[in-house]
Amino acid sequence: AYVVKFPQGLPHTLTALKQGGVGSMIQENGKFVGSASFYSLSAQAAVMGAFTAMSVASGQYFLAQINSEMKIMNLKLDEILEFLYGDKKAELMAEMSFIRYAYENYASIMFHEPQRVATIMSLQEARKVAMKDIEFYIYDLETTVSRKTKDYTELDSRVRKSFQIEESLKLSQQLYVMSSMMEVYFAQNQDAEYLNAIERDVLAYIDKCDKRMLGSFSILKAHIDAYKARPMERIDKSVHEEKVGALIDSLNHGEESAMRAAVRLALHGVAKKAEYYLSGDGNVYMKAVS
């Protein structure tokens, strides 16, 4: 690409060529009166390419911040398979594997437009799958804790089942958050209204999940507290009481969770003015955003 500049005082009329396009000669009243200069835009293109690269690098920085909060998503696959169950198992594993792939190859995909567009569409689909699975696991948890308990063996089994569901639910929740955040970064959409809408939706969904989990485990705690050992029945409720109590405390805290804080940083950090520092060895550093 080139930019054309005309000498001062001459008309802005280039010579039409027979093969199409125009030449640099300037015509006035049928005569050649001078030549325009063409300047290559390769230097400017290189500068813009550098800014694009730095934008992608900053995107990697913010995505890394929120990915660090996805504790369950970052487990090894065999560890995740230990608690996933039912029809949702294969579905969640497939979507989670795709999210990892897109996250790890973010910088490369960003420089290939067709692949970037396809990735955005897949991220939107992953978010819908995550929302569907969240609703499934919440319902399963509420159903599990609401059943009456016949004996301690059944109560013990129900507590273990509830924590298995809770881990699956958290994985679905993290899949929803990560797919939502990654869509923003792959789309490079920094429109303020869009970012505010994403923030409202994601944080509201996190709150919804946490409140319903809190309600379910509060019911489970009541079942544990109310259970009385039958004659000749030896039981130890302390392990379940401690574990359920710790989860309730974590869901009932007054401070903002680390995941919520990471979502806010990821959404608003991308829209903030970035400062880059170039070192003598060619490395690029970005000033951290708090």
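This is a predicted model, so every value here is computed, not measured. (Residues numbered from 1 in each chain as written. Predicted model: local features only at pLDDT ≥ 70, side-chain atom pairs only at ≥ 80, totals over all residues. Heavy atoms only, no water.)

Enquirer: Hey, could you run me through the packing of aromatic side chains in this one?
Expert: Given two aromatic rings, their pairing is described by the distance between the two centres and the angle made by the two planes. In this structure the tally under the stated criterion is six aromatic pairs. For the pair Tyr176 and Tyr205, a centre-to-centre distance of 4.9 Å together with 45° between the ring planes defines the contact as tilted. Within this pair, whereas Tyr176 is found in helix 6 (residues 152-187), its partner Tyr205 is found in helix 7 (residues 192-226), the two being separated by 29 residues in sequence. As far as burial versus exposure is concerned, Tyr176 and Tyr205 are alike and both buried. Above the plane of the ring of Phe163 lies Lys243, whose end atom (NZ or CZ) is 4.4 Å from the centre. (Phe/Tyr/Trp six-rings, centres within 6.5 Å; stacked < 30°, edge-to-face > 60°. Helix = DSSP H or I, 4+ residues; strand = E, 2+ residues; numbered from the N terminus. Buried < 20%, exposed > 50% of the residue type's maximum accessible area, 1.4 Å probe, protein only. Lys NZ or Arg CZ within 6 Å of the ring centre and 35° of its normal.)

Enquirer: Quick question: what am I supposed to make of the sheet that holds strand 3 (residues 22-28) here?
Expert: Note: strands within a sheet are paired through backbone hydrogen bonds, in either parallel or antiparallel orientation. Strand order in the open sheet made by the three strands is 2-3-4, with antiparallel pairing throughout. Taken across any chain shown, the strands that pair with only one partner, and hence form the sheet edges, are strand 2 (14-16) and strand 4 (31-35). The mean inter-strand angle of the sheet, taken between neighbouring strand axes irrespective of direction, is 65°. For strand 3 and strand 4, the ladder comprises four bridges, and the chain directions are antiparallel. Each bridged residue has a counterpart across the sheet, and for Glu28 the counterpart in strand 4 is Lys31. (Pairing = 2+ DSSP bridges. Axes fitted to C-alpha atoms, helices over the stretch in contact; angles between N-to-C directions.)

Enquirer: Please clarify how the pattern of salt bridges should be interpreted in this entry.
Expert: A side chain of one charge can pair with a side chain of the opposite charge if their charged atoms are brought near each other. Throughout the structure, instances matching the rule amount to 13 salt bridges. Of the charged contacts in the structure, one is a salt bridge between Glu135 and Lys208, with a shortest N-O distance of 2.9 Å. Taken together, the positions of Glu135 in helix 5 (residues 113-146) and Lys208 in helix 7 put the pair 73 residues apart, joining distant regions of the chain. A residue is classified by how much of its surface remains accessible, and Glu135, at 29% relative accessible area, is partly exposed. Note on Lys208: relative accessible area 32%, which makes it partly exposed. Across the pair Lys170 and Glu166 runs a salt bridge whose closest N-O atoms are separated by 2.9 Å. You can see Lys170 and its partner Glu166 sitting in helix 6, four residues apart, about one turn around the helix. (Salt bridge = Lys/Arg side-chain N within 4 Å of Asp/Glu carboxyl O.)

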